[in-house]
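Residue-level listing of the chains:
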Amino acid sequence: MGMDIAIVLHVFFVVVWVGGMFFAHQCLRPVAAAQLEPPLRLRLWVGVFGRFFPWVWAAIVLVPASGLFMMLGPLGGFAHLPLYIHAMFGLGLVMVGVFLRVFFSPYPALRKAVAAGDWPAGAAQLARIRRLVGINTLLGTLTLAIGAGGRYFG
Ligand code: HEM
């Protein structure tokens, strides 16, 4: 495997992850909030996350793995690389941390509340997820601006 396969994998999973968050947060969320009663809305989100999060797991493994492969292999190692690549790496790790927080804290609590039919508790967990995904959508936008535009800045 060389730079060619690595960059395609890298950008594909970046698009799936950041584009998926953008769609969920900016398009699906406001419509679901306006049109669906809590029981339907919360069950919708449990189903949507159940389909989206396996793709995010693939992304949090393959985006850093392909990026590190490029840094350590074809691009010649950490020491020689421009600052923007290190910034992308750092921000990418923060994004992974934010996702892991969603996955291991409000997400299981949301599923538990929905399984118990406790809609107020479910709505509170969904609000936590909304805030964290909002943060990660912004971080993702910033990171891809740095990743794609970094070499042209300055
Ligand atoms: C987590 C660790 C990450 C590492 C180690 C990493 C590393 C890299 C490397 C080495 C390149 C190739 C740079 C070049 O050819 O000049 C690259 C490209 C890129 N990365 Fe990352 N990256 C990471 C995360 C991310 C994240 C989270 C995003 C977006 C949210 C992102 C978006 C991009 C984009 C858009 C490109 C540019 C593709 C192109 O224009 O050729 N990266 N990354």
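Just so we're clear, the structure is a prediction, and the values are computed from it rather than from any experiment.

How would you summarise the site of the ligand if you had to cite specific residues and measurements?
Neighbouring the ligand are 25 residues, the closest being His10, Gly67, Tyr84, Met88 and Arg151. In the environment of the ligand, a nitrogen atom lies 2.8 Å from a nitrogen or oxygen atom belonging to the side chain of His10. Contact between the ligand and Arg151: an oxygen atom at 3.3 Å from a side-chain N or O atom of the residue. Here the residues of the shell around the ligand are counted per class, giving 18 nonpolar, six polar and one charged.

Describe the packing of aromatic side chains, and please don't skip the residues or the numbers.
Any pair of aromatic rings gets described here by the distance separating the centres and the angle formed by the planes. Evaluated as defined, the whole model comprises 15 aromatic pairs. Note on Phe53 and Tyr107: the rings are 4.8 Å apart at their centroids and 80 degrees apart in plane angle, and the pair reads as edge-to-face. Placement of Phe53 in helix 2 (residues 38-72) and of Tyr107 in helix 4 (residues 106-115) is noted, with a sequence separation of 54 residues between them. Each member of the pair Phe53 and Tyr107 is classed as buried. Centre to centre, the rings of Phe103 and Tyr107 are 5.5 Å apart; their planes meet at 45 degrees, and the pair counts as tilted. An aromatic cluster of three or more residues is present, and its members are Trp45, Phe49, Phe52, Phe53, Trp57, Phe99, Phe103, Phe104 and Tyr107. Seen from the ring of Tyr107, Arg111 lies directly overhead, with NZ or CZ sitting 4.5 Å from the centre.

Break down the coordination of the iron atom of the ligand for me, citing the residues and quoting the values.
For the iron atom of the ligand, the full set of protein donor atoms is His10 (NE2) and Met88 (SD), at a range of 2.1 Å. Coordination at the iron atom of the ligand comes from six donor atoms whose angles at the metal span 84 to 179 degrees, giving a geometry best classed as octahedral. Taken together, the positions of His10 in helix 1 (residues 3-35) and Met88 in helix 3 (residues 83-104) put the pair 78 residues apart, joining distant regions of the chain. Look at His10 and you get buried, because its relative accessible area is 11%. Using a relative accessible area of 22% as the deciding quantity, one classes Met88 as partly exposed.

So what about the nonpolar core? Which residues, and what values?
Membership of the largest hydrophobic core comes to 34 residues, with the highest contact counts inside it found for Trp17, Phe49, Phe53, Val56, Leu110 and Ile129. Mapped by element, the contributors of at least two residues to this core are helix 1, helix 2, helix 3, helix 4 and helix 5 (119-149). The element that contributes the greatest number of residues to this core is helix 2, accounting for 10 residues.

How would you summarise helix 4 if you had to cite specific residues and measurements?
Because an α-helix completes one turn every 3.6 residues, residues spaced three or four positions apart along the sequence face the same direction. Turning to helix 4, its buried residues are Pro106, Tyr107, Leu110, Ala113 and Val114. Each buried residue of helix 4 sits inside an arc of 125 degrees when the element is viewed along its axis, so together they form one side. Residues Lys112 and Ala115 are exposed on helix 4 and point more than 90 degrees away from its buried face. Residues of helix 4 that are buried make contact with helix 2, helix 3 and helix 5. In the segment just after helix 4, Gly117 is the residue with positive phi, at about 70 degrees.

Rules and cut-offs
- Residues numbered from 1 in each chain as written.
- Predicted model: local features only at pLDDT ≥ 70, side-chain atom pairs only at ≥ 80, totals over all residues.
- Heavy atoms only, no water.
- Near = heavy atom within 4 Å.
- Polar contact = N/O pair within 3.5 Å; in protein donor to acceptor, adjacent residues only side chain to side chain.
- Nonpolar A, V, L, I, M, F, W, Y, C, P; charged D, E, K, R; others polar.
- Phe/Tyr/Trp six-rings, centres within 6.5 Å; stacked < 30°, edge-to-face > 60°.
- Helix = DSSP H or I, 4+ residues; strand = E, 2+ residues; numbered from the N terminus.
- Buried < 20%, exposed > 50% of the residue type's maximum accessible area, 1.4 Å probe, protein only.
- Lys NZ or Arg CZ within 6 Å of the ring centre and 35° of its normal.
- Donors = N, O, S within 2.8 Å, 3.2 Å for Na, K, Ca; no water.
- Tetrahedral: all angles 85-135°; square planar, octahedral: opposite > 155°, others 65-115°.
- Core = buried A, V, L, I, M, F, W, Y, C linked by side-chain atoms within 4.5 Å.
- Arc of directions from axis to C-beta.
- Contact = heavy atoms within 4.5 Å.

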